[in-house]
Amino acid sequence: MERVQKRKISVIMLFVVVCDSMRYREERGTMERIFKILPKYAILPIIVSLSFNMFAYFGTRPITNKLHHYDLSIPLDHQLPMIPFFMIPYLLAFATWIVGFIIICRENRQLCYMVMTAEQIAKLFCVTFFLLMPTEMARPEVVGDGLSVWLTNFVYAMDEPNNLFPSIHCLLSWLVFRGAMRCKKVGNGYRTFMFLYAILIFATVLLTKQHLFVDILAGIAVVEIGLYVSRNFKVYRVYYLIERLYRRTWLEPRTNIADSTER
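The structure presented is a predicted model; accordingly, all values stated were derived computationally and were not measured. Every chain begins its residue count from 1, and numbering advances along the sequence as written. Per-residue local features are limited, in this predicted model, to residues with pLDDT of at least 70; the limit for side-chain atom pairs, both in listing and counting, is 80 or more; totals at the level of whole chains, interfaces and linings are taken over all residues. Calculated side-chain values reflect all of the structure's heavy atoms, with hydrogen atoms and water omitted.

**Digging into the side chain of D77**
Among the structural elements, D77 can be located in helix α4 (residues 75-79). Only protein chains enter the accessibility calculation, which uses a 1.4 Å probe; a residue whose area is less than 20% of its type maximum is buried, one above 50% is exposed, and one in between is partly exposed. Working convention for charge: Lys and Arg count positive, Asp and Glu count negative, and His plus the chain ends are omitted. For this document, the term salt bridge refers to a Lys or Arg side-chain nitrogen within 4 Å of an Asp or Glu carboxyl oxygen. One buried charge, D77, has no salt-bridge partner; the nearest side chain with opposite charge is K209, at 6.5 Å. A polar side-chain atom of D77 sits 2.9 Å from the main-chain amide nitrogen of I74. In this structure D77 touches L72, L206, K209, L212 and F213, once residues within four positions along its chain are discounted. Helix and strand definitions follow DSSP, with helices as H or I runs of at least four residues and strands as E runs of at least two, each counted in order from the N terminus. Two N or O atoms form a polar contact when they lie within 3.5 Å of each other; inside protein one atom must be a possible hydrogen donor and the other a possible acceptor, and for residues adjacent in sequence the pair counts only when both atoms belong to side chains. Only heavy atoms matter for contacts: two residues are in contact if any of them lie within 4.5 Å across the pair.

Encoded structure:
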């Protein structure tokens with residue numbers, strides 16, 4: 001009986017080891033596929049930017065819910081019609097941001113750090129305005145049938161009409177265009193497309209009643225400020241510093257341990 005139990009335990013342990021090995025290979029394969037698209041040095045800046053974005057969207061609203069919200073609309077905002085069709089390019093902007101940031105990050109390490117740092121500076125401005133000067137706007141009731149109407153009502157249900165200034169939609173679209181202008185690995189056709197799509201997004205946020213005209217100007221302004229500060233004050237070098245600290249505190253000690261073990 002003892003031998004049978006030992007064999008069962010051995011089989012179970014072998015099964016666990018095999019499963020762990022397969023899971024490790026699968027996870028390693030997934031990471032290798034990711035690194036083929038995004039270089040390793042881009043992972044941390046992207047995580048930081050996503051964290052900033054999550055806080056800007058979801059972290060500020062519980063704080064500002066009971067505060068007075070300002071209406072920054074001008075006559076032009078009330079004169080423009082509501083056109084549900086433009087909700088389609090509004091949502092497709094997410095795809096252009098993904099492609100845009102991948103291309104920027106793959107261009108080279110310095111451009112990746114500079115643009116991502118500029119994006120984070122711009123988001124800090126957004127958070128500041130969202131907290132100190134929360135804004136809101138009135139939306140029309142959207143009725144009718146069709147995909148664009150359904151999408152519009154879906155977005156309206158998910159995204160409250162507040163925290164509008166600056167427009168993050170316009171911010172990101174303008175940023176990927178400005179980053180594309182510094183990419184040497186893409187052609188003029190790509191740069192032209194990113195510029196035209198940014199202009200389309202400016203029109204889209206107005207025609208879907210997602211933003212006001214001043215939100216667009218503010219979105220462009222915080223991008224330009226972010227790029228200026230990141231580039232001229234070398235703020236992006238903080239990621240080079242993090243890299244060096246990581247190598248000294250993590251990679252080099254592990255290499256030394258491995259070398260001493262081999263000896």
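**Some points on the state of the cysteines**
Each disulfide is one covalent bond, formed between the sulfur atoms of two cysteines. Note on disulfides: each one is a pair of cysteine sulfur atoms within 2.5 Å. Per the counting criterion, the structure on display carries zero disulfides. Between C105, a cysteine without a disulfide, and C112, which holds the nearest cysteine sulfur, the sulfur-to-sulfur distance is 3.5 Å. C105 sits in the buried class, given a relative accessible area of 0%. You can call C112 buried: its relative accessible area is 0%.

**Details of the nonpolar core**
Where a protein is soluble and globular, its nonpolar side chains tend to be buried together. The criterion is simple. A nonpolar core is a set of buried Ala, Val, Leu, Ile, Met, Phe, Trp, Tyr and Cys residues joined through side-chain atoms within 4.5 Å. Counting 53 residues, the largest nonpolar core has A42, F101, C105, C112, L171 and V205 as its most contacted members. Those elements that provide at least two residues to this core are α2 (43-59), α5 (87-107), α6 (109-132), α7 (147-158), α8 (168-180), α9 (188-207) and α10 (213-232). Among the elements that make up this core, the one with the highest residue count is α6 (eleven residues). Apart from residues no more than four positions distant in its own chain, V205 is found in contact with Y90, S167, H169, C170, Q210, H211 and I216.

**Comments concerning the packing of α9 against α10**
Fitted lines through C-alpha atoms serve as axes, helices being fitted only where they are in contact, and the angles separating the N-to-C directions of these axes extend from 0 to 180 degrees. Close contact between α9 and α10 brings their axes to 9 Å; oriented N to C, the two are set at 145°. Pair α9 / α10 crosses with right-handed handedness. Counting all contacts with α9, which are made through F202, V205 and L206, the residues of α10 involved are F213, I216 and I220. When residues are sorted by character, Ala, Val, Leu, Ile, Met, Phe, Trp, Tyr, Cys and Pro go into the nonpolar class, Asp, Glu, Lys and Arg into the charged class, and all the rest, Gly among them, into the polar class. Broken down by class, the residue content of the contact of α9 with α10 amounts to six nonpolar, no polar and no charged. Crossings are assigned a handedness: left-handed for a near helix turned anticlockwise from the far helix by less than a right angle, right-handed for a clockwise turn.

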